[in-house]
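# Geometric and topological summary
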Amino acid sequence: QVQLVESGGGLVQAGGSLRLSCTASGSRESINAMGWYRRTPGKSRELVARIFDGINTDYADSVKGRFTISRDNAKNTVYLQMNSLKPEDTAVYYCLSTTAHETYWGQGTQVTVSS
């Protein structure tokens, strides 16, 4: 059973920064991709950023230029550096990890950006 442990959420003022971390453990398969989604009340979960094979990345248009995703393959850990945060970034952020056969989700971490 794969477990994803997230950390780094919290409360920050607009314009501030936060860094989220997520470590995967227990996988018997190679992890192909890791990333972050977010959900706000009344909306469906949306992609924030993904990283494939530790190199190629994919970002939501709303966070390009502000957020940076990176991965430490040796530690099976993915990071999301969030700069220039806006109130509209307020959401529960979920980590995900995919192998050839499964997708796993973290429990979510709250990010709140005050104006």
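Anything mentioned here points back to the structure above.
Residue indices follow the written sequence of each chain, beginning from 1 at its first position. pLDDT decides what is reported in this predicted model: residues at 70 or higher carry local features, side-chain atom pairs at 80 or more are listed and counted, and totals for whole chains, interfaces and linings draw on all residues regardless. Hydrogens and waters are ignored; side-chain quantities use all the structure's heavy atoms.

## Some points on the environment of Leu-18
Our working definition: A run of DSSP states H or I qualifies as a helix once it reaches four residues; a run of E qualifies as a strand once it reaches two. Both are numbered from the N-terminal end. Burial classes: relative accessible area under 20% of the type maximum marks a residue as buried, over 50% as exposed, and values in between as partly exposed (1.4 Å probe, protein chains only). In what follows, a contact means two residues having at least one pair of non-hydrogen atoms within 4.5 Å.
On the secondary structure map, Leu-18 appears in strand 3 (residues 18-25). Leu-18 gets classed as buried once you look at its relative accessible area, which sits at 15%. Apart from the residues within four sequence positions on either side, Leu-18 is in contact with Gly-8, Gly-10, Val-12, Leu-80, Gln-81, Met-82, Leu-85 and Val-111.

## So, the environment of Tyr-79
When you line up the elements, Tyr-79 lands in strand 8 (residues 77-82). According to the relative accessible area criterion, Tyr-79 is buried, its value standing at 16%. Sequence separation of Tyr-79 and Val-63 is 16 residues, and the distance between their C-alpha atoms is 15 Å. Other than its neighbours up to four places away in sequence, Tyr-79 contacts Arg-19, Leu-20, Ser-21, Trp-36, Thr-68, Ile-69, Ser-70 and Asp-72.

## Remarks on the state of the cysteines
Definition in use: We call a pair of cysteine sulfur atoms a disulfide whenever their separation is within 2.5 Å.
Using the criterion set out here, one finds one disulfide in the structure. What pairs with Cys-22 in a disulfide is Cys-95, and their sulfur atoms sit 2.0 Å apart. Negative torsions about the S-S bond denote left-handed disulfides, and the value of about -80 degrees found for Cys-22 with Cys-95 makes this one left-handed. In this pair, Cys-22 sits in strand 3 while Cys-95 sits in strand 9 (residues 91-98), placing the two residues 73 residues apart along the sequence. A relative accessible area of 0% means that Cys-22 is categorised as buried.

## Looking at the environment of Asn-83
Counted only if it meets this: Whenever a nitrogen or oxygen atom comes within 3.5 Å of another N or O atom, the pair is scored as a polar contact, on the condition that within protein one atom can donate a hydrogen and the other can accept it, and that pairs from neighbouring residues in sequence are kept only if both atoms are in side chains.
For Asn-83, the location among the structural elements is in the loop between strand 8 and strand 9. Non-local contacts of Asn-83, meaning those with residues more than four positions away in its chain, are made with Gly-16, Ser-17, Arg-66 and Phe-67. Polar contacts involving the side chain of Asn-83 include one to the side chain of Ser-17, which spans 2.9 Å.

## Focus on the sheet that holds strand 8
This is how it is decided: Strand pairing follows a simple DSSP-based rule, namely that at least 2 bridges must link the two strands. Throughout, an axis means a line fitted to C-alpha atoms (over the contacting stretch in the case of helices), and angles, computed between N-to-C directions, take values from 0 to 180 degrees.
Here we have four strands laid out as an open sheet, ordered 1-3-8-7, and antiparallel in their pairing. Two strands bound the open sheet, and with one partner strand each, they are strand 1 (3-7) and strand 7 (67-72). Taking the axes of each pair of neighbouring strands and ignoring which way they run, one obtains an average angle of 15 degrees across the sheet. Sheet topology note: the strand 1/strand 3 ladder contains five bridges and is antiparallel. Bridge pairing links Val-5 to Thr-23 in strand 3.

## As for the nonpolar core
To be explicit about the condition: Among buried residues, those of type Ala, Val, Leu, Ile, Met, Phe, Trp, Tyr and Cys that are joined through side-chain atoms within 4.5 Å constitute a nonpolar core.
Within the largest apolar cluster, 28 residues are counted, with the highest numbers of intra-cluster contacts made by Trp-36, Leu-80, Met-82 and Tyr-93. Mapped by element, the contributors of at least two residues to this core are strand 3, strand 4 (33-39), strand 5 (46-52), strand 7, strand 8, strand 9 and strand 11 (109-114). Per-element tally for this core: the top contributor is strand 3, with four residues.

## Observations regarding the packing of aromatic side chains
For clarity, the threshold we go by: Aromatic rings from Phe, Tyr and Trp, with only the six-membered ring used for Trp, were paired whenever their centres fell within 6.5 Å, and each pair was classed as stacked if the ring planes differed by under 30 degrees, edge-to-face if by over 60, and tilted otherwise. Whether a charge sits over a ring comes down to the Lys NZ or Arg CZ being within 6 Å of the ring centre and within 35 degrees of the ring normal.
According to the stated counting rule, one finds one aromatic pair in the structure shown. Ring geometry for Tyr-37 versus Trp-105: centroids 5.2 Å apart, planes at 75 degrees, classification edge-to-face. Here Tyr-37 is found in strand 4, whereas its partner Trp-105 is found in strand 10 (residues 103-105), with 68 residues between them in sequence. When its relative accessible area of 17% is taken as the criterion, Tyr-37 is described as buried. Across from the ring centre of Tyr-94, 5.2 Å away, lies the NZ or CZ of Arg-45, which sits over that ring. Sitting above the plane of the Trp-105 ring, Arg-45 keeps its charged end 3.8 Å from the centroid.

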